[in-house]
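# Commentary on secondary and tertiary structure
Given next are the chains, with one letter for each unit.
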Amino acid sequence: MAAASLISSLLPSPSSPSLPKKPSLKTLIPFKSLLNKNPSFPSIPIILLHLNPNQNPKFITNNENKSNPVIPSSSFLDSLFIFCTSLALSFSLLIADVDSAAGFVVTPPRKLQSDELATVRLFQENTPSVVYITNLAVRQDAFTLDVLEVPQGSGSGFVWDKDGHIVTNYHVIRGASDLRVTLADQSTYDAKVVGFDQDKDVAVLRVDAPKDKLRPIPVGISADLLVGQKVYAIGNPFGLDHTLTTGVISGLRREISSAATGRPIQDVIQTDAAINPGNSGGPLLDSSGSLIGINTAIYSPSGASSGVGFSIPVDTVNGIVEQLVRFGKVTRPILGIKFAPDQSVEQLGVSGVLVLDAPANGPAGKAGLLPTKRDTYGRLILGDIITSVNGKKINNGSDLYRVLDQCKVGDTVTVEVLRGDHKEKIPVVLEPKPDES
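Let me sum up the structure you'll find in this document.

Rules used throughout
Residues numbered from 1 in each chain as written. Predicted model: local features only at pLDDT ≥ 70, side-chain atom pairs only at ≥ 80, totals over all residues. Heavy atoms only, no water. Helix = DSSP H or I, 4+ residues; strand = E, 2+ residues; numbered from the N terminus. Buried < 20%, exposed > 50% of the residue type's maximum accessible area, 1.4 Å probe, protein only. Contact = heavy atoms within 4.5 Å. Phe/Tyr/Trp six-rings, centres within 6.5 Å; stacked < 30°, edge-to-face > 60°. Salt bridge = Lys/Arg side-chain N within 4 Å of Asp/Glu carboxyl O.

Next up on the list: unusual backbone geometry. Of note in this structure, Arg253 is not a glycine but carries a positive phi near 55°. By the element assignment, Arg253 lies in strand β10 (residues 243-257). The backbone of Asp267 sits at a positive phi, close to 60°, despite the residue not being glycine. With respect to the helices and strands, Asp267 occurs in strand β11 (residues 264-271).

Structural data, given as structure tokens:
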């Protein structure tokens, strides 16, 4: 009855001017369609209005006696019926339970801060450059003797150029019989090894993928990095697809040992961005989205991220990748010796590198360095102990490698050795490794 009272207040009284003959239906038709097509709306009484020029307006509801209903026949009354129904429906929606109109509530869009937007944009723009690498090994079934390829490891990598070159860590592909690279669109391709550098833990692969699917990562520089600046690591830890971790540079010019050869890697970037198994080979980016390093190792007794991760600086990687792509190898100079562990030399009470072996066809053997040997009675005769190279003091094997990394193949270096109870200076011409010549 409240709806009827509202409608009667909107209708003209008998003494007011007559109603217009043909009201507009533009705003009435949608409500009629809504009523016919949506039976879930709250139940309301249907109100009929009968107008007679000689009588007052009369309301007949669906709750009254319908034995002799008054059915108007003119189009005007049909239009007015729609109008009244629409008003009643609108009124019922106002007083209905809130749950009935819950479907009309629109959640406002989430608002992100400027730094969040920058991080989201960096992830979206660089994810297409990051790939997932699966290391497959050949195994023979113990019962059927069938030869199978089984995954023995996985890691991350990134697209270097449009020619399909993929850069990753050497320890990610070590011991693989086959390699597969999965791009960001989940397409998988067989990969071939172009070359690798065990000493610096860098490897380059190549896939025959369409150029439109390859998104090379932007390469930055690592010489001007500062402790405290933000960094971002993208990879596939534990086989999870494209994970982003953030942090800061927590240290610079660190030194770690290569997992393959034990040779030291200098100027390594230390970061607290979480690096877990599977992140190896993935890119470390600065806030502009440029590559500044390759995530390669973590310091953790448990094998999970403990907040200390290490990345090979991009300035080191750049020169290695260029040589691997161009020549398939890295021509790093060597002295051509085998030296004793540092602990053995310390027990002798001297500092330096003790030469255990110096093959005659190697650089040191040609220059006349003496190896350690035994005499006819089985007594040990110590070889030369290298104490400096080009005037730089050598205390252990890491110092020797550090000096050699600053030299090139063909350079002549002055090696100072302790031979017996006196020192000698011997010039040595550096050569590449025998398998790299």
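Having put the structure on the table, let's press on.
Okay, the side chain of Gln266 next. The residue Gln266 is located in strand β11 in this model. The buried category is assigned to Gln266, whose relative accessible area is 15%. Ignoring any residue separated from it by four or fewer positions in sequence, one finds Gln266 in contact with Lys200, Arg254, Glu255, Pro313, Arg402 and Asp405.

This next bit is on the packing of aromatic side chains. Centre-to-centre distance and the angle between the planes together describe a pair of aromatic rings. Tallying each qualifying case throughout the model produces 3 aromatic pairs. Taken together, a centroid distance of 6.5 Å and an interplanar angle of 40° make the contact between Phe158 and Trp160 tilted. Looking at Phe158, the relative accessible area reads 0%, which means it is buried. On the accessibility criterion, Trp160 (15% relative accessible area) is buried.

Here we take up the pattern of salt bridges. Inspection of the entire model under this criterion finds 16 salt bridges. For the salt bridge of Asp199 with Arg332, the shortest nitrogen-to-oxygen distance reads 3.7 Å. On the criterion of sequence distance, the pair formed by Asp199 in the loop between β7 (188-197) and β8 (202-207) and Arg332 in the loop between α6 (314-327) and β15 (333-334) is long-range, its members being 133 residues apart. In this structure Asp199 comes out as buried when scored by relative accessible area, which is 3%.

Shape is all these values report; function is a separate question.
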